[in-house]
Amino acid sequence: MNLSYWEIKTWLTNVDFTVVGSGIVGLSCALELRRKYPQAKIIILEKGMLPQGASTKNAGFACFGSLSEIIDDLQNHSEEEVIDLVAKRVNGLQLLRKTVGDRQLDYKPFGGYELFLKNDESLFLKCKSQKDTINKLLKPLFYEEVFSFKPNEFGFNHAVEQLSFNQFEGQIDTGKMMDALLKKAQSSGIKILNNCLVNEISENNDSAVIKTNNFEIKSNKVLIATNGFASQLINQKVAPARAQVLITKPIKNLHIKGTFHLDKGYYYFRNIEDRILFGGGRNLDFKGEETTEFGQTELIQEKLEDLLRTTIIPNIDFEIDHRWSGIMGVGNQKKSIVKQISNNVFCGVRLGGMGVAIGSLVGKELADLL
Ligand SMILES: Cc1cc2nc3c(=O)[nH]c(=O)nc-3n(C[C@H](O)[C@H](O)[C@H](O)COP(=O)(O)OP(=O)(O)OC[C@H]3O[C@@H](n4cnc5c(N)ncnc54)[C@H](O)[C@@H]3O)c2cc1C
């Protein structure tokens, strides 16, 4: 692209910090850099017209792990590691709520539920028998009982008679969250350049050189926040994981309110006003969903519709209004990768399915590497 003198001078010269990716992590990182370095020239390069990964696509659960998920984590991690994971999510959510504000997030403290299918009653019994142990483990973080059991008053079909309930879980409006973070960044003088795909980053003595589809620039430091797309630019253990979602048209007198986890978290649904947003099913085709391509598959969308019809709202007519997907970054560990990669290049990636919770904190930690 043939850029003008003005464009080069105003946007692309003397750049102190370049953040790649304008998701929750990239924006939180840029905001923290601005707080630390009020005079710095900070730009964000984003390949999409809007953020094009997971941050504008997610389900908006402000959660830190369902009962079965925490029990499952204890099989593969020490107690200390599990407490640390939960603490990071809780602290991250607090930071997000402080940065954006509950009103702007449209934060709703409806609580979160886990429902157990009758054909997986053993999971229910396991959760019931370990509830007290988990509550005790989490006491130093919450000072109160996190999990209890409630009757299945929502009329879920094929489900056991009780749901586990987490009084500290909430829901947010994902679009409002991202709109607020983007506005905050722009109003603090951070320049966001959209439709800019970073193709290559190389070291150049005391700076880094960034090649994009439009131009090549030098930047003193580069901070990579591309999550599911990270392995296209850097050699880190992050795999893409597509997650598919659908939303119903408004349903009259919808009785479901809150955030819900099903089948060890492989499925999740919530109300958003009087609609149901429903996602998951990656476990039906892990290999096929290990992709950076957006899209829906018949296999997963049919399963989502089937579960809605047979289990979640069995006696209600509904229509699907819209379907979409997002790309997460996952790995064999739940811990995110926040580290220096070379002299002037740093990364904060691999947020898994918890980026609403930990994204603000990972962004801050990334900025704090400098
Ligand atoms: C369907 C779905 C539901 C989810 N539900 C929840 C939930 O309820 N609660 C929760 O806590 N988490 C949830 N998550 C996870 C959460 O959304 C993510 O963990 C989080 O958004 C990750 O933020 P990020 O900034 O690291 O990555 P992203 O939001 O993916 O941002 C990375 C950005 O980098 C850009 N980019 C990538 N490569 C390049 C490049 N080469 N050049 C320029 N730009 C580039 C992308 O376009 C993207 O905008 C969900 C995810 C999905 C997909």
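A brief structural summary. (Residues numbered from 1 in each chain as written. Predicted model: local features only at pLDDT ≥ 70, side-chain atom pairs only at ≥ 80, totals over all residues. Heavy atoms only, no water.)

Per the secondary structure count, the chain includes 9 helices and 18 strands. Taken over C-alpha atoms, the radius of gyration comes to 21 Å for the chain, in line with the 21 Å a tight globule of 370 residues would show. For the chain, the spread of C-alpha atoms along the principal axes amounts to about 65 × 45 × 40 Å. For the chain, with 370 residues in total, the buried portion stands at 52%. Surface summary for the chain: the accessible area is close to 17200 Å², and the carbon and sulfur share equals 47%. Mean positive and mean negative side-chain charge positions of the chain (45 and 44 charges, respectively) differ by 5 Å. (Helix = DSSP H or I, 4+ residues; strand = E, 2+ residues; numbered from the N terminus. Rg over C-alpha atoms; globule rule 2.2 N^0.38 Å. Buried < 20%, exposed > 50% of the residue type's maximum accessible area, 1.4 Å probe, protein only. Areas by Shrake-Rupley, 256 points an atom, 1.4 Å probe, with all protein chains shown as cover. Lys, Arg positive; Asp, Glu negative; His and termini not counted. Charge placed at Lys NZ, Arg CZ, Asp CG, Glu CD.)

Once that is clear, we can look at the nonpolar core. Grouped together as the largest cluster of nonpolar side chains are 50 residues, with contacts concentrated most on Leu-27, Leu-33, Met-177, Leu-181 and Leu-223. Among the elements that make up this core, the one with the highest residue count is helix α2 (residues 24-36) (7 residues). Not counting chain neighbours up to four residues away, the residues in contact with Leu-223 comprise Phe-17, Thr-18, Val-19, Val-20, Cys-29, Leu-33, Phe-346, Leu-366 and Leu-370. (Core = buried A, V, L, I, M, F, W, Y, C linked by side-chain atoms within 4.5 Å. Contact = heavy atoms within 4.5 Å.)

What follows covers the side chain of Ser-219. Structurally, Ser-219 is set in strand β11 (residues 216-224). A relative accessible area of 1% places Ser-219 in the buried class. Side chain to side chain, Ser-219 and Thr-18 meet in a polar contact 2.8 Å long. Discounting chain neighbours no more than four positions away, the residues touching Ser-219 are Val-15, Asp-16, Phe-17, Thr-18, Ser-207, Ala-208 and Ile-210. (Polar contact = N/O pair within 3.5 Å; in protein donor to acceptor, adjacent residues only side chain to side chain.)

The next point concerns the packing of aromatic side chains. Inspection of every chain in the model, using the stated rule, returns 18 aromatic pairs. With a centroid separation of 5.1 Å and 45 degrees between ring planes, the pair formed by Phe-17 and Tyr-37 is classed as tilted. Of the two residues, Phe-17 is situated in strand β1 (residues 15-20) and Tyr-37 in the loop between α2 and β2 (42-45); the sequence distance between them amounts to 20 residues. Taking the relative accessible area as the measure of exposure, Phe-17 reaches 8% and is therefore buried. Site record: aromatic cluster; members linked through ring pairs are Tyr-113, Phe-154, Phe-156, Phe-165, Phe-260, Tyr-267, Phe-269 and Phe-278. The ring centre of Tyr-107 lies 3.8 Å from the NZ or CZ of Arg-97, which sits over that ring. Lying over the aromatic face of Phe-165, Lys-150 brings its terminal NZ or CZ to 4.0 Å of the ring centre. (Phe/Tyr/Trp six-rings, centres within 6.5 Å; stacked < 30°, edge-to-face > 60°. Lys NZ or Arg CZ within 6 Å of the ring centre and 35° of its normal.)

Strand order in the open sheet formed by 8 strands is β5-β6-β4-β13-β14-β15-β12-β16, and the pairing between neighbours is mixed. With partners counted over all chains shown, the strands left at the sheet margins are β5 (147-151) and β16 (320-330), one partner each. Strand-to-strand twist in this sheet, taken as the mean axis angle between neighbours without regard to direction, amounts to 25 degrees. By the bridge criterion, 10 bridges tie strand β12 (residues 239-248) to β16 in an arrangement that is antiparallel. The partner of Pro-240 across the bridge, within β16, is Gly-329. (Pairing = 2+ DSSP bridges. Axes fitted to C-alpha atoms, helices over the stretch in contact; angles between N-to-C directions.)

Looking now at the site of the ligand. Neighbouring the ligand are 39 residues, the closest being Glu-46, Gln-52, Ser-55, Phe-61 and Val-356. Ile-24 is positioned with one of its backbone polar atoms (N or O) 3.1 Å from an oxygen atom of the ligand. When the ligand sits alone it has 1000 Å² of accessible area, and the protein chains cover 98% of it. If you tally residues by element for the shell around the ligand, the top one is helix α9 (residues 355-367), at 3 residues. Broken down by class, the residue content of the shell around the ligand amounts to 22 nonpolar, 14 polar and 3 charged. (Near = heavy atom within 4 Å. Nonpolar A, V, L, I, M, F, W, Y, C, P; charged D, E, K, R; others polar.)

Once that is clear, we can look at the packing of helix α4 (residues 79-100) against α9. The geometry of α4 relative to α9 is characterised by a closest axis approach of 7 Å and an angle of 80 degrees between their N-to-C directions. The pairing of α4 with α9 is recorded here as roughly perpendicular in orientation. Across from Lys-88, Arg-89, Asn-91, Gly-92, Leu-93, Leu-95 and Leu-96 in α4, the residues of α9 making contact are Val-356, Ala-357, Ile-358, Ser-360, Leu-361, Lys-364 and Glu-365. The class makeup of the residues in the contact of α4 with α9 is 7 nonpolar, 3 polar and 4 charged. (Parallel < 35°, antiparallel > 145°, perpendicular 65-115°, else oblique.)

What follows covers empty space enclosed by the protein. A full pass over the atoms with the stated rule returns 1 cavity of 30 Å³ or more. Roughly 30 Å³ of volume is contained in the largest cavity. Of all the secondary structure elements, the ones that give two or more residues to the lining of the largest cavity are β4 (112-115) and β6 (162-166). With 3 residues, β4 is the largest single contributor of residues to the lining of the largest cavity. Residues of the lining of the largest cavity, tallied by class, amount to 3 nonpolar, 5 polar and 2 charged. (1 Å grid on protein atoms, 1.4 Å probe; cavity = no way out; pocket = protein on both sides within 12 Å on 5 of 7 lines; lining within 4 Å. Points joined across faces, edges and corners; volume = space filled by probe spheres on them.)

All chains considered together, the criterion is met by 0 disulfides. Of the cysteine sulfurs around Cys-127, a residue in no disulfide, the closest is that of Cys-63, at 15 Å. The buried category is assigned to Cys-127, whose relative accessible area is 1%. Distance from the sulfur of Cys-347, which forms no disulfide, to the nearest cysteine sulfur (Cys-29) is 11 Å. (Disulfide = S-S within 2.5 Å.)

Any functional reading would require information beyond the geometric quantities listed.
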